[in-house]
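Residue-level structure breakdown
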Amino acid sequence: MLGPSGVSAASSAGCVAKRQVFTTYAPATALGAKLARHEPIRILAIGSSSTEGIGATSPDRAYPAQLEDELSEDWKGNVSVVNAGKGGETGVQTVERLEAALETQHFDLVIWQVGTNDAIKGVSEDDFRAILERGIAAVRTAGASLILLDQQYFPTIKDPSRYEQFVHVVSALGRERQIPVFSRYALMQDWNSQSAEELRSMLSSDGFHMSDKGYDCLADQVAEAIQTLVEVPSHARQDTATQIAKAH
């Protein structure tokens, strides 16, 4: 088993973070093997408004659409990222849709953006943790890899102490269950620490949802995180090399 590893910077100008924003514990070997065989990859991006893309100027500026573009370019292959974001949902509503999607469709990777609405709408920590456990179990039963995408940071959090407890629930459960966690909270706090203007440029006019620039930076960082998660098994690399040699 690998020890925790982190991604701390994106390549796009203005997106650089100085803090660790991604923690993983083991490679997604099944996903890596499919990449080695040049098979189509299907990713489910599910969550609330930050996945749907509220605040973006058009649907193709939401982070899942931009993530699909980045991974397609990086992997030189057939990658589809399904945007299953629905604004305003708490975790229990999203997990019901997640379970239904996994029963009827196959996905190689699920990116579950979760927790902001639970923290601000009064859901209890125990209930929130149970929801996360339920979703993790559903993804594991389906045989897909999973990344938890935690809560956003925004300047007008009314109860920072309570809010950060919910952020901690995501990271703690990720550690306990060995599930990769991408921390938007750390990423956006880092933007704010660089300058208040930097964070404002990443947010839409409501000061809560991301702007086109924010979604672009998020997609860039998530794509980079996924690259660290994928490790192509040596036997798969050898099989692919043999197939290429025979083709020539």
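We now turn to the structure provided with this report.

Scoring rules and cut-offs
Residues numbered from 1 in each chain as written. Predicted model: local features only at pLDDT ≥ 70, side-chain atom pairs only at ≥ 80, totals over all residues. Heavy atoms only, no water. Core = buried A, V, L, I, M, F, W, Y, C linked by side-chain atoms within 4.5 Å. Buried < 20%, exposed > 50% of the residue type's maximum accessible area, 1.4 Å probe, protein only. Contact = heavy atoms within 4.5 Å. Pairing = 2+ DSSP bridges. Helix = DSSP H or I, 4+ residues; strand = E, 2+ residues; numbered from the N terminus. Axes fitted to C-alpha atoms, helices over the stretch in contact; angles between N-to-C directions. Parallel < 35°, antiparallel > 145°, perpendicular 65-115°, else oblique. Nonpolar A, V, L, I, M, F, W, Y, C, P; charged D, E, K, R; others polar. Polar contact = N/O pair within 3.5 Å; in protein donor to acceptor, adjacent residues only side chain to side chain. Phe/Tyr/Trp six-rings, centres within 6.5 Å; stacked < 30°, edge-to-face > 60°. 1 Å grid on protein atoms, 1.4 Å probe; cavity = no way out; pocket = protein on both sides within 12 Å on 5 of 7 lines; lining within 4 Å. Points joined across faces, edges and corners; volume = space filled by probe spheres on them.

Focus: the nonpolar core
Y63, L67, V110, I111, W112, F182 and I226 are the most contacted members of the largest nonpolar core, which totals 75 residues. In this view, F182 contacts V21, F22, I147, L148, L149, D150, L187, L218, Q221, V222 and A225; residues no more than four positions away in its chain are not counted.

Looking at the sheet that holds strand β3 (residues 79-85)
As summarised here, the arrangement of the six strands in space is β1-β6-β5-β4-β2-β3, forming an open sheet in which the pairing is mixed. Edge strands, defined here as strands with exactly one partner in the open sheet, are β1 (22-23) and β3. Across seven bridges, strand β2 (residues 41-47) lies against β3 in parallel orientation. Across the sheet, the residue bridging to L44 is V82, located in β3. Taken strand by strand, helix α3 (residues 63-75) contacts β2, β3, β4 (109-113) and β5 (145-149), and its axis lies near 165° from that of β3.

Digging into the packing of helix α4 (residues 91-104) against helix α6 (residues 125-142)
Look at α4 against α6: their axes get within 10 Å of each other, and the N-to-C directions meet at 10°. One finds that α4 runs roughly parallel with respect to α6. Residue-level contacts link G91, V92, V95, E96, L98, E99 and L102 of α4 to I131, R134, G135, A138, V139 and A142 of α6. By residue class, the composition of the contact of α4 with α6 is eight nonpolar, two polar and three charged.

Focus on the environment of S195
Residue position: S195 is located in the loop between α8 (184-194) and α9 (196-202). Classification of S195 as partly exposed rests on a relative accessible area of 28%. There is a polar contact of 2.9 Å between the side chain of S195 and the backbone nitrogen of E198.

Some words on the packing of aromatic side chains
Taken as a whole, this structure holds six aromatic pairs when the rule is applied. Measuring from ring centre to ring centre gives 6.5 Å for F22 and F182, while their planes differ by 40°; the resulting arrangement is tilted. Of this pair, F22 sits in strand β1 while F182 sits in strand β6 (residues 181-182), and the two are 160 residues apart along the sequence. The same class applies to F22 and to F182, which are both buried. Ring centres 4.8 Å apart and planes at 85° place the aromatic pair F154 and F208 in the edge-to-face group. Of the two residues, F154 is situated in the loop between β5 and α7 (160-177) and F208 in the loop between α9 and α10 (212-229); the sequence distance between them amounts to 54 residues. Assessed through its relative accessible area of 6%, F154 is described here as buried. Judged by relative accessible area, F208 falls into the buried class, the value being 18%. Taken together through their ring pairs, the aromatic side chains of Y153, F154, Y163, Y185 and F208 make up a single cluster.

What to know about the layout of surface pockets
Approximately 250 Å³ is the volume found for the largest pocket. Surrounding the largest pocket, 17 residues form its lining, S145, L146, Q178, I179 and P180 being those nearest its centre. Within the lining of the largest pocket, the residues separate by chemical class into 12 nonpolar, four polar and one charged. Taken together, 13 residues line the second largest pocket, and the ones lying closest to its centre are T23, Y25, S171, V181 and S183. Counting residues per element, the ones that place at least two in the lining of the second largest pocket are β1 and α7. Considered class by class, the residues forming the lining of the second largest pocket number seven nonpolar, four polar and two charged.

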